[in-house]
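Below, each chain spelled out in residue letters.
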Amino acid sequence: MSTFSETVIEFWNGWEIRALLLLSLSLQVILIALGPLRKRSTSIWIRFFVWSAYMSADLVATVALGILARNLGGDSEKKNSNPSIPLQLFWTPFLILHLGGPDTITAYSLEDNELWLRHFLGLLVQTGIAFYVFVKSWGDSHLKLIAIPVFIAGIIKYGERTWVLRTSNTKSIRNFLLSDPDPGPDYAEVMRKKKIDRNFKLAPRKVVPQRYSGSLDDYLSQAYYLFNRLKYLFADLILGYYERKDCHSMISDKSSEEAFELVEGELGLLYDLLYTKATIVYSRYGFLLRCSSLFSSVFAMIVFAIFIDHPYSLVDISITYLLLVGAIALEVYALVLLILSDWTKLWLVNYLKQVRIGKRWSRTIFKYNLIKFCLRKQATMWIRFQKLLGIEEIVEKHLNVDCQDVDAELQKLIFLQLKERSENINSLFDVNSCKKLLSYRGDCVLDKMNCLELLKWSIIEVEFDHSLLLWHIATQLCYYDDVKRLKRTNRLESLNKYSNISKCLSDYMLYLLVMYPNMLPKGIGEIRYRDTCSEATRFFQQERRKIGTKVDEACYELYEVDTDSLEEVKGDETKSVLFYGCRLAKQLQSLESPDWEWECAKKWDMINKVWVELLAYAAVHCGWREHGQQLRRGGELLTHVCLLMAHFGLSEQYQIQKEYFQIREDRWQVQCPHACDPCLLPLLFLCLTPYWCWNGIKRMFSPQTPSQSDQLPNLESLDFS
């Protein structure tokens, strides 16, 4: 047994550093390949692999550095018995290169940006250990001369990562965007001059407002122009008269599809700013650093292959080549992503036409239905096992979530309703009238349709989460009651068309309440939801023989319950709103009675608009930090609605009503190199060649009349200070 254990220990001692190096390289491949995907994917598996790789990468590299330092300090007999130790020490700079991380992900969440000091300490400690190993083994091998450029490149990349984390946290963004203090006119001096000259008048300060002067077909440049305003919104700074007027004019002239495309492009740029190395990579210096890093890896591989004798084991030589090839491949892949990025297209916009914005978020929404969830809930051994592990609630929630693509009709309804609301703000932008518009959460629609008195108890007389649950239950019950009445007619297809948006938004808003309550206005929504689920589960279990697990039968039974004595029986003992939702459903259905003479389509049109108002209310009352967190999960429709509202002027962050406020365009922007910079001409040619070829092929098969030259903003002013 002792012989076997000694063999295992000896095997592990020989392979531990090799395994850690290969694992570290594999983690870098996962990060650079899957990191960008989380911007436009909601897959939980992608997030899991990215999270696992991100959390493990630094740890694995740190442990490997410690083992290399330990091997360096071992006894001389052990070092002489293992001739591959000098080659293994040559791997040290590659670990620093791995600690620098890929360009596609620097922060997994916004909290990583706030903890940049922790990463800075790691930079000092890890580079210190690597430098110790490097210097201590200087005389052991000529390999160290080859490692010098790789070591320098690794330190640069690690420093880049730390710098980006520092500049991407909320405080740094805010500090960069803050304008210089403005004390205003010198009141004492003005009064002194007025005493001398009674006719003295203070000349008003005027600033020429900035306007977008580019092509209306260039959606990417328009998105970037609006992105400069988004940064102020994200940093919780205020904007003024011209910014609201300018953004409103740009958005209101678009169709719903075009407006959402611009918003999608803006949020894609914001994701790059918060979670990647965009602040450094997309600049003159960033490009030069990428080239120097690539050249260092290529140089090291060529010299190692040609000029270095290999008296080492075949395994260590193979791992060395794998590290060199991996470093080169990662740099080449990063360079390709750089060339194909939106930032490069912004730089080359003078050479391109009709730059559209591709997919920059998942374009899907998740849905969660309370009645379906309660019907599926059963006391099985598997549930008891989950309770034992404390994961029952998490598993149940995720297993009952459905996914659906964002419908064009839904986007159109949201856009038109927000546009109509924004037109109620006068041209001088009254802050108080804006606040009133932002306070609507269904009552505006009900008032216009003359049923506010009947239904105000479910909207303005209760908290937001209370109202959300009431309308979620009522929407479900109304739909199945209409199905029951219309299934024998030919109007069932029309019903699905009318009610699709309501059902979709109803389930989506409940999904946010259950999964991301921090994105909704503060309240006791979780308590209400749990109490309502408990009462619904009890009711369905009592009626199990009649309804089984059928949603339609469950809704029929719920709808038939008498709700006239709710206050007397229920009181305030519970926060459940299940049967209050039934009461609301009956009142909504009564709108089709002879007293109201509503048609089914009119009723569902009203319900659709109420849900859009609830969505808009939740969007504008969600903090920008929460919106930013969702960008790494594939994005949320709520975030797009919030930004669309801001561009329509429906935001409390437009608080400056004077006309001389101006956006600081020279702060916190990408520094695009001059197109005639000699050192960057190869990159310019490399970037333009694919586009030129593609445009040439299109002209061969579909010749078009050349369009007038676009007037575009001077992109040389793009600069990340």
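Quick caveat, the model's predicted, so the values are computed rather than measured.

Undergrad: Any details on the overall build of the chain? Residues and values, ideally.
TA: Per the secondary structure count, the chain includes 35 helices and 4 strands. A buried classification covers 54% of the 721 residues belonging to the chain. Excluding contacts between residues fewer than 6 apart, the proportion of contacts in the chain whose partners are at least 24 apart in sequence is 83%. Within the structure as shown, the chain displays about 34,600 Å² of accessible surface, and the carbon and sulfur contribution to it stands at 57%.

Undergrad: A description of the environment of Tyr617 should follow, citing residues and the corresponding values.
TA: Topologically, Tyr617 is positioned in helix α32 (residues 600-620). Taking the C-alpha atoms as reference points, Tyr617 and Leu438, 179 residues apart in sequence, are found 6.5 Å from one another. Contacts of Tyr617, omitting those with residues within four sequence positions, involve Leu438, Ser439, Tyr440, Arg441, Phe464 and Pro521.

Undergrad: I'd love a proper account of the nonpolar core, names of residues and values included.
TA: Across soluble globular proteins, nonpolar side chains show a tendency to be buried alongside one another. In terms of nonpolar packing, the biggest core is built from 151 residues, with Ile371, Trp471, Met509, Phe540, Leu588, Met606 and Leu637 touching the most fellow members. Discounting chain neighbours no more than four positions away, the residues touching Leu637 are Phe260, Trp361, Ile365, Leu410, Ile414, Tyr508 and Leu615. Counting residues in hydrophobic clusters, the runner-up holds 54 residues, among them Phe90, Trp91, Ile317 and Leu330.

Undergrad: Account for unusual backbone geometry, naming residues and giving values.
TA: The backbone of Asp236 sits at a positive phi, close to 60°, despite the residue not being glycine. Residue placement: Asp236 occurs in the loop between α11 (219-234) and β1 (239-240). Phi angles above zero are rare outside glycine, and Asn450 is one such case at about 60°. Relative to the elements of secondary structure, Asn450 occurs in the loop between α23 (443-448) and α24 (452-455).

Undergrad: Go over the pattern of salt bridges with me, naming the residues and quoting the values.
TA: Tallied over the full model, the rule gives 28 salt bridges. One salt bridge in this structure joins Arg485 and Asp482, with 2.5 Å as the shortest N-O distance. Remark: Asp482 and Arg485 occur in helix α25 (residues 464-486); sequence separation between them is 3 residues, near one turn of the helix. Residue class for Arg485 comes out partly exposed when judged on its relative accessible area of 41%.

Undergrad: Residues and numbers for the packing of aromatic side chains, please.
TA: Overall, the coordinates contain 22 aromatic pairs when judged by the stated rule. With centroids separated by 6.3 Å and ring planes inclined at 85°, the aromatic side chains of Trp45 and Phe48 adopt a geometry described as edge-to-face. In this pair, Trp45 and Phe48 are both assigned in helix α2 (residues 44-72), 3 residues apart and thus about one turn of the helix distant. The exposure class of Phe48 is partly exposed, given its relative accessible area of 42%. Among the aromatic residues, those joined into a ring-pair cluster are Phe90, Phe94, Phe304 and Tyr321. Sitting over the ring of Trp116, Arg166 keeps its end group 5.7 Å from the ring centre. Taking NZ or CZ as reference, Lys484 lies 4.9 Å from the ring centre of Tyr556, over its face.

Undergrad: Break down the packing of helix α5 (residues 92-99) against helix α7 (residues 116-136) for me, citing the residues and quoting the values.
TA: Packing of α5 against α7 brings their axes to within 10 Å, and their N-to-C directions diverge by 165°. By the angle class used here, α5 and α7 are roughly antiparallel. Of the two possible hands of crossing, α5 and α7 adopt the one that is left-handed. Of α7, the residues touching α5 (which contributes Thr92, Ile96 and Leu99) are Gln126, Thr127, Ala130 and Val133. When grouped by side-chain class, the residues that make up the contact of α5 with α7 number 4 nonpolar, 3 polar and no charged.

Undergrad: Residues and numbers for the environment of Ser52, please.
TA: Secondary-structure assignment places Ser52 in helix α2. Separated by 22 residues in sequence, Ser52 and Ile30 have C-alpha atoms that sit 9.7 Å apart.

Undergrad: Lay out the state of the cysteines in plain terms, naming residues and giving numbers.
TA: Working definition: the covalent bond between the sulfur atoms of two cysteines is a disulfide. Applying the stated criterion across every chain yields a total of 0 disulfides. Take Cys600: it sits in no disulfide, and the sulfur closest to it among the cysteines is that of Cys478, at 9.4 Å. Looking at Cys642, it has no disulfide partner, and the nearest cysteine sulfur is the one in Cys622, 6.9 Å off. We classify Cys642 as buried; its relative accessible area is 6%.

Undergrad: Give me a nonpolar patch on the surface: which residues, what numbers.
TA: On the surface, Ile44, Trp45, Phe48, Phe49, Trp51 and Met55 cluster together into a nonpolar patch covering about 680 Å² of accessible area. Residue Trp45 is classed as exposed on the basis of its relative accessible area, which comes to 58%.

Undergrad: How would you summarise the pairing of strand β2 (residues 364-368) if you had to cite specific residues and measurements?
TA: The element β2 is extensively covered by neighbouring structure, given that 5 of its 5 residues are classed as buried. Side chains Thr364, Phe366 and Tyr368 of β2 all project onto a buried face; the interleaved residues Ile365 and Lys367 project onto the opposite face, where all are buried too.

Undergrad: Give me the lowdown on the packing of helix α21 (residues 408-422) against helix α26 (residues 492-515), citing residues and values where you can.
TA: For the pair α21 and α26, interaxial distance at closest approach is 10 Å and the crossing angle is 85°. In this view, α21 runs roughly perpendicular relative to α26, as classed from their interaxial angle. Packed against α21, whose contacting residues are Glu409, Leu410 and Leu413, the element α26 presents Ile501, Cys504 and Leu505 at the interface. Class assignment for the residues of the contact of α21 with α26 results in 5 nonpolar, no polar and 1 charged.

Undergrad: I'd like a rundown of the side chain of Thr364, residues and numbers included.
TA: Along the chain, the position of Thr364 falls in strand β2. In terms of polar contacts, Thr364 uses its side chain to reach the side chain of Ser362, at 3.1 Å. Ignoring anything within four residues of it in the chain, the contact list for Thr364 reads Thr42, Cys403, Gln404, Asp405 and Val406.

Undergrad: Can you lay out helix α34 (residues 637-647) for me, pointing to particular residues and giving the numbers?
TA: Counting buried positions along α34 gives 11 out of 11 residues, so the element sits mostly inside the fold. All of the buried residues along α34 are Leu637, Leu638, Thr639, His640, Val641, Cys642, Leu643, Leu644, Met645, Ala646 and His647. Following α34 by one or two positions, Gly649 adopts a phi angle in the positive range, close to 90°.

Parameters at a glance
Residues numbered from 1 in each chain as written. Predicted model: local features only at pLDDT ≥ 70, side-chain atom pairs only at ≥ 80, totals over all residues. Heavy atoms only, no water. Helix = DSSP H or I, 4+ residues; strand = E, 2+ residues; numbered from the N terminus. Buried < 20%, exposed > 50% of the residue type's maximum accessible area, 1.4 Å probe, protein only. Contact = heavy atoms within 4.5 Å. Areas by Shrake-Rupley, 256 points an atom, 1.4 Å probe, with all protein chains shown as cover. Core = buried A, V, L, I, M, F, W, Y, C linked by side-chain atoms within 4.5 Å. Salt bridge = Lys/Arg side-chain N within 4 Å of Asp/Glu carboxyl O. Phe/Tyr/Trp six-rings, centres within 6.5 Å; stacked < 30°, edge-to-face > 60°. Lys NZ or Arg CZ within 6 Å of the ring centre and 35° of its normal. Axes fitted to C-alpha atoms, helices over the stretch in contact; angles between N-to-C directions. Parallel < 35°, antiparallel > 145°, perpendicular 65-115°, else oblique. Left-handed = near helix turned anticlockwise from the far one by under 90°. Nonpolar A, V, L, I, M, F, W, Y, C, P; charged D, E, K, R; others polar. Disulfide = S-S within 2.5 Å. Patch = residues over 30% accessible without salt bridge, like charges linked within 9 Å, V, L, I, M, F, W, Y side chains within 5 Å. Polar contact = N/O pair within 3.5 Å; in protein donor to acceptor, adjacent residues only side chain to side chain.

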